[in-house]
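# Structure assessment
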Amino acid sequence: MSKNDSNKSNEIDQYTRNVLQNGLSRRSFLTRAAMGTGAVAFTGLTGSMATASTDDCVKTAKSSDGGATLEFMPKPKPISDRDIVSTQTFDVVVVGAGASGVPAALSAAENGAKVAVLQKQAIAVSQGNTGSGIDLANSDKAAVEAMVNRLMGDSAHRCHPELVREWAYNSGEAVSWVIDRAKKGGAQIVDQGTKVQHGIHGVTEHKLNFVTSYCGPKPYTTGDGMRALAKVAEKAGVKFFFNMPAQQLVQDDSGKVIGVIAQDRDGKYHKYMAKKGVILSSGDYQNNEAMCNFFIPDLKNFERKQMDRTGDGFSMAYWAGGVIEPIGHTKMLHDFDAGPASMCDMPFLAVNRKGERFVNETVAMSLMNNYLRDEENAGHYSQVFDANYMEQAANWPGKLYSPEQMKIYMPEDPSPKIGVYESQINTYSANTLEELAVKLECDPKTFVANVKRYNELCKTGKDDDFGKPSAKMLPVVKAPFYGIHRRMRISTLCSGMLVDKNHQALDADGNKIGGLFVIGNLGGGFYGGVDYPLTVFGLSLGRCYTFGYLAGKYVAKL
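Residues numbered from 1 in each chain as written. Predicted model: local features only at pLDDT ≥ 70, side-chain atom pairs only at ≥ 80, totals over all residues. Heavy atoms only, no water.

On to the overall build of the chain. Per the secondary structure count, the chain includes 14 helices and 21 strands. In terms of overall size, the chain behaves like a compact globule, its C-alpha atoms giving a radius of gyration of 25 Å where 558 residues would be expected to give roughly 24 Å. With the C-alpha coordinates aligned to their principal axes, the bounding extent of the chain is approximately 75 × 55 × 50 Å. Burial analysis of the chain (558 residues in total) assigns 56% to the buried set. (Helix = DSSP H or I, 4+ residues; strand = E, 2+ residues; numbered from the N terminus. Rg over C-alpha atoms; globule rule 2.2 N^0.38 Å. Buried < 20%, exposed > 50% of the residue type's maximum accessible area, 1.4 Å probe, protein only.)

Its location among the elements puts Arg309 in the loop between helix H8 (289-295) and helix H9 (312-319). Of the buried charged residues, Arg309 lacks a salt bridge, with Asp284 as the closest side chain of opposite charge at 4.7 Å. Arg309 has contacts with Val125, Gln127, Asp284, Tyr285, Gln286, Asn287 and Asn288, leaving out every residue within four places of it along the chain. (Lys, Arg positive; Asp, Glu negative; His and termini not counted. Salt bridge = Lys/Arg side-chain N within 4 Å of Asp/Glu carboxyl O. Contact = heavy atoms within 4.5 Å.)

Spatially, the four strands line up as an open sheet ordered S15-S16-S18-S17, and their pairing is antiparallel. Only two strands of the sheet have a single neighbouring strand rather than two, namely strand S15 (349-351) and strand S17 (427-430). Going from strand to strand, the sheet's axes swing by 25° on average, the running direction of each strand aside. Relative to strand S18 (residues 481-487), S17 runs antiparallel, the two being bridged by four bridges. When the bridges of S18 are listed, Ser429 appears paired with Tyr482. (Pairing = 2+ DSSP bridges. Axes fitted to C-alpha atoms, helices over the stretch in contact; angles between N-to-C directions.)

Attention shifts here to the packing of aromatic side chains. Applying the stated criterion to the full structure yields 24 aromatic pairs. A ring pair is formed by Trp167 and Phe526, whose centres lie 6.4 Å apart and whose planes are at 75°; its orientation type is edge-to-face. In this pair, Trp167 is assigned in helix H6 (residues 161-184) and Phe526 in the loop between strand S21 (512-518) and helix H14 (539-556), connecting sequence segments 359 residues apart. Relative to Tyr381, the ring of Phe358 has its centre 6.2 Å away and its plane inclined at 75°; by these criteria the two rings are edge-to-face. (Phe/Tyr/Trp six-rings, centres within 6.5 Å; stacked < 30°, edge-to-face > 60°.)

Strand S12 (residues 257-263) sits mainly inside the fold: five of its seven residues count as buried. Of the pairings in the sheet, the one linking strand S11 (residues 246-251) to S12 comprises five bridges and is antiparallel in character. Residue pairing in the sheet places Leu249 in a bridge with Val260 of S12. Where S11 hands over to S12, the hairpin turn is made up of five residues, of which Gly255 adopts a positive phi near 95°.

With that out of the way, let us pick up unusual backbone geometry. Most peptide bonds adopt trans geometry, and most residues besides glycine take a negative phi value. Geometrically, the link from Lys218 to Pro219 is a cis peptide bond, its omega value of 15° lying close to zero. With respect to the helices and strands, Pro219 occurs in the loop between strand S9 (210-215) and helix H7 (222-235). One non-glycine residue, His157, adopts positive backbone phi at about 55°. Looking at the element boundaries, His157 is found in the loop between helix H5 (141-154) and H6.

Turning our eyes to something else, we now look at the pattern of salt bridges. Taken as a whole and judged by the stated rule, the model has 21 salt bridges. Linking Asp312 and Lys120 is a salt bridge whose minimum nitrogen-to-oxygen distance equals 2.8 Å. With a gap of 192 residues between them, Asp312 in helix H9 and Lys120 in the loop between strand S6 (115-118) and strand S7 (130-134) connect regions that are remote in the sequence. Judged by its relative accessible area of 27%, Lys120 falls in the partly exposed class. As a salt-bridge pair, Glu435 and Lys439 come within 3.4 Å of each other at their nearest N and O atoms. Residue Glu435 and its partner Lys439 are both found in helix H12 (residues 433-439); the two are separated by four residues, about one turn of the helix. Accessibility expressed as a relative area gives 33% for Glu435, which makes it partly exposed. A single salt-bridge network, built from bridges that share partners, covers Glu110, Asp180, Arg181 and Lys184.

Further remarks concern H9. In terms of burial, H9 is largely enclosed, as seven of its eight residues are buried. For H9, the set of buried residues is Gly313, Phe314, Ser315, Met316, Ala317, Tyr318 and Trp319. Gly321 lies just past H9 and shows a positive phi near 110°.

On the secondary structure map, Asn170 appears in helix H6. With 76 residues separating them in the primary sequence, Asn170 and Ala246 have C-alpha atoms 30 Å apart. The contacts of Asn170, once residues within four sequence positions are left out, are Thr546 and Leu550.

Once that is clear, we can look at the nonpolar core. Note on soluble globular proteins: their nonpolar side chains tend to be buried together. In this structure, Trp167, Leu280 and Leu516 are the most contacted members of the largest nonpolar core, which totals 125 residues. Leaving out residues up to four positions away in the same chain, Leu280 has contacts with Val95, Leu249, Gly313, Met316, Ala317, Leu516, Phe517, Val518, Ile519 and Leu522. (Core = buried A, V, L, I, M, F, W, Y, C linked by side-chain atoms within 4.5 Å.)

Glancing now at the packing of H5 against H6. At a minimum axis distance of 10 Å, the contact between H5 and H6 shows a crossing angle of 135°. Considering their axes alone, H5 and H6 lie oblique with respect to each other. Once H5 is placed against H6, the crossing between them reads as right-handed. Here H5 contributes Lys141, Val144, Glu145, Val148, Leu151 and Met152 to the contact with H6, which in turn contributes Pro161, Val164, Arg165, Trp167, Ala168 and Tyr169. When its residues are assigned to classes, the contact of H5 with H6 shows nine nonpolar, no polar and three charged. (Parallel < 35°, antiparallel > 145°, perpendicular 65-115°, else oblique. Left-handed = near helix turned anticlockwise from the far one by under 90°. Nonpolar A, V, L, I, M, F, W, Y, C, P; charged D, E, K, R; others polar.)

Written as structure tokens, this is what we have:
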């Protein structure tokens, strides 16, 4: 690349090179089509074969190898100026009012920009409770780099190191800023510090501390926190346009993104021009079945936790020239609500819906979904333990809840359900294994036989079935018996568009797309593994806060 071309990165790193080579973009398909005969064979989502002329190919997105049509991503229909009923001009236009969009809007406003936020829903929307960042002032640099290395390893070393470091060296400041500003809006938010970060033990021998924001207790969530932060943003001059889903980006003749066209509830179009840039933060695509089947077919049998995540931002960025990360996106499935979150990774006996033991229980909860992808299990499994668990598992990582404390997670117990989602709790106790099996919705005969087999292995100290270390083999022999029936559902999808370290979208040649920035779960590069890692509790929201904070500031200063 020319060193004089300011729209290009100085050099192409390995991550970016791979996405450019294997990702999905208009250019990657059309180049392959042009190299052929003008007609390309492709397989549709139904699996049937067909041909399409090069002219037809520009109407529907295609995979990078021309192997499949992306019929869920049709080219936007032109909207003429005569159909626009209003036009407003801002410095920065943010699409999506969530955990990255609201911080981006406020950050841009605090840095002098006139900001608009377009939101599909009637309110700011987010989920989860915890967002984390590294407390740089109280951490050694060697420890920070060890944390970066661990997160790279969690992503099978397939993510972008520069983006991971952007989080590592800016997240403490960003999360602290979110806590401070959200409190001013009346949010129930606190800093839980490093104490709750059980997963970082062993990452480094050096000093490593965290700022861990917590919006709660449940049922209060980050969604409530972002609505409080939006109030602060409004006072700072940000204009929110709710029930105003973005439809397409506006580009000038050079391809620079200069605005957004949105549509109100009455079907009327409104144009929002952006002098400095458009920030897309409209979230993932978990509710778009066709997109999920294409990018992560593993998700077919899992329930979705969220609504209205239809991949709108992906389509807008794609047709503006952006590149979607290659097939095999990172997914997040967990269940922190059925029972205590701090016990989710404890290696108690685990059984599937039939009542069969199916795994070495040292496998983290974030990975359990890979054993439960079939239609029958569909993400369901149960942790099983007996009355001795408080003593026998006392030294396990995490935090044990006593039988009395666990009552808030037990739907059959009449005690008040404070600090939980009452509709999601799913923990039970029983005086017999047969009774517990029924409560866990397992076949009693199969369940009892598997517990018996497990107890025999515990007695020998050798797990001949799955190889679990003997120190983690706790027999299930003393009543009352306990079971936590967890449901692995899709919380979010974590892969997205190709961006640089300033979150500016890149096209299929590695050039910056003028005026277009992408953050949150629509932005790519931060993850690379099959599953979202739980090493840092609250990493997902911490990334959203941080990149929103940084992108808002950056675009405002252009």
